[in-house]
Amino acid sequence: MKIMTVLGARPQFIKAAAFSRQIKSSPNVSEILVHTGQHFDANMSDVFFKEMSIPEPNYRLETGGLNHGAMTGKMLMELEPLVLKEKPDVMMVYGDTNSTLAGALVAAKLHIPVAHVEAGLRSFNRHMPEEINRILTDHVSDWLFCPTETAVQNLKHDGVEENKIHQVGDIMFDAALFYKEHLRPSPETHSFCAQHSDFVLCTIHRAENTDDPQKLQSIFSALQKISQNKKVLLPLHPRTRNKLKDHGIASDGIHIVEPLPYGDILYLLSKASLVMTDSGGMQKEAYFFSQPCITLREQTEWVETLEGGANQLVGSSKEKIVTAYNNAASNKVSFKKHLYGDGQTAQKILDILEHSKQ
């Protein structure tokens, strides 16, 4: 069985690596990796692939830096000849990026079965491009690998055939467990944690926040307020730095650093006293490490994290962010065991695919 995997962003490569490692134990399965180039990430050098034990992509496309329509269209144009050349038995896509949708559409139009990992997620906000991508991908997929029971119910509500739906757990949990044991933090990160035993780890990257000056101003005003009481560490992408500069938004008092490798992020997650983020992935990773989280968004696909107070959804309001921070210390947080599976998601996906092709 030949699987073609289409990926476009660093988090997708980290998740997909868990499945790629599992394939090595199966002599009857091979994988072709395609990097669409959707997100340029300076950290995704050759060293990144080597240190993360991630296979080098077989194909690298250059589709980044465009608007959604042009980007997705270019991906369709460049992926189609690759699929015709490689003739995969399965097209595998992850999550909700433009690369996810493009890979699924190309395969569906060429009658190649599609496997969607992280299927069934819904924010119920169609203003988010990710929501459109995940809904469309779900409806052209043949295997829908769901991380949670909520995702399963979302698909059933959408009328997806039940025999296509498989609850397998979250492959990001597989990845976090693996890298927790295999990656070590940089000396700088280790030194920061040695000096600061009580700090907030924060990430901000989502366009709904960074592209709205009022929201960005409100969030950074809240972070400045919080930093008066507790160290706030913020790995920040250059694009967001430029937004702060363009709009004259102050960040005094916040400890801002360059984007960090995954090993550093996991180490910081294990040491922080609180996580604040607008990232979907980090909401879960905070949960994996039993860390309370404040999410700087109006909706979340990971609604399970809200149960028991593990995650507070506050949007971009300064008042709500500061109030949630003040309440975090006294909140009694519950971290249910196995909310996102048992760390064996990659093996379960492989078993289902191999069985279906027998």
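In what follows, the accompanying structure is described. (Residues numbered from 1 in each chain as written. Predicted model: local features only at pLDDT ≥ 70, side-chain atom pairs only at ≥ 80, totals over all residues. Heavy atoms only, no water.)

## Some details on the overall build of the protein chain
Of regular secondary structure, the protein chain possesses 15 helices and 13 strands. Computed over C-alpha atoms, the radius of gyration of the protein chain comes to 20 Å, within 12% of the 21 Å expected from 2.2 N^0.38 for 358 residues, which places it in the range of a compact globule. When the backbone C-alpha atoms are referred to their principal axes, the protein chain occupies close to 60 × 40 × 40 Å. Among the 358 residues that make up the protein chain, the fraction classed as buried is 55%. Intrachain contacts of the protein chain at a sequence separation of at least 6 include 67% that bridge at least 24 residues. When the accessible surface of the protein chain is summed, it comes to about 15,800 Å², and 50% of that surface belongs to carbon and sulfur atoms. The averaged location of the 42 negative side-chain charges in the protein chain is 3 Å from the averaged location of its 37 positive side-chain charges. (Helix = DSSP H or I, 4+ residues; strand = E, 2+ residues; numbered from the N terminus. Rg over C-alpha atoms; globule rule 2.2 N^0.38 Å. Buried < 20%, exposed > 50% of the residue type's maximum accessible area, 1.4 Å probe, protein only. Contact = heavy atoms within 4.5 Å. Areas by Shrake-Rupley, 256 points an atom, 1.4 Å probe, with all protein chains shown as cover. Lys, Arg positive; Asp, Glu negative; His and termini not counted. Charge placed at Lys NZ, Arg CZ, Asp CG, Glu CD.)

## Observations concerning the packing of aromatic side chains
Within the structure shown, the criterion is met by 9 aromatic pairs. A ring pair is formed by Tyr287 and Tyr340, whose centres lie 5.9 Å apart and whose planes are at 85 degrees; its orientation type is edge-to-face. In this pair, Tyr287 is assigned in helix α13 (residues 280–288) and Tyr340 in the loop between α14 (318–328) and α15 (345–356), connecting sequence segments 53 residues apart. Here Phe288 and Tyr340 contribute two aromatic rings whose centre-to-centre distance is 6.0 Å and whose plane-to-plane angle is 80 degrees, an arrangement assigned as edge-to-face. Residue Phe288 is found in helix α13, and its partner Tyr340 is found in the loop between α14 and α15; the two are separated by 52 residues along the sequence. (Phe/Tyr/Trp six-rings, centres within 6.5 Å; stacked < 30°, edge-to-face > 60°.)

## So, the packing of helix α3 (residues 68–86) against helix α4 (residues 98–109)
Contact geometry for α3 and α4: axes closest at 9 Å, N-to-C directions at 45 degrees. Between α3 and α4, the interaxial angle falls into the category oblique. As α3 packs across α4, the resulting crossing turns out to be right-handed. Counting all contacts with α3, which are made through His68, Met71, Thr72, Met75, Leu76, Leu79, Glu80 and Val83, the residues of α4 involved are Asn98, Ser99, Ala102, Gly103, Leu105 and Val106. Residues of the contact of α3 with α4, tallied by class, amount to 8 nonpolar, 5 polar and 1 charged. (Axes fitted to C-alpha atoms, helices over the stretch in contact; angles between N-to-C directions. Parallel < 35°, antiparallel > 145°, perpendicular 65-115°, else oblique. Left-handed = near helix turned anticlockwise from the far one by under 90°. Nonpolar A, V, L, I, M, F, W, Y, C, P; charged D, E, K, R; others polar.)

## As for the sheet that holds strand β8 (residues 199–203)
The strands making up a sheet associate through backbone hydrogen bonding, with each pair oriented either parallel or antiparallel. With parallel pairing, 6 strands are arranged side by side in an open sheet as β10-β9-β8-β11-β12-β13. The sheet terminates laterally at β10 (255–257) and β13 (311–313), the two strands that pair on one side only. Strand-to-strand twist of the sheet, defined as the mean angle between neighbouring strand axes without regard to direction, takes the value 20 degrees. Relative to strand β11 (residues 274–277), β8 is paired through 4 bridges, and the arrangement is parallel. Note on β11: the bridge partner recorded for Cys202 is Met276. (Pairing = 2+ DSSP bridges.)

Geometry only, nothing functional implied.
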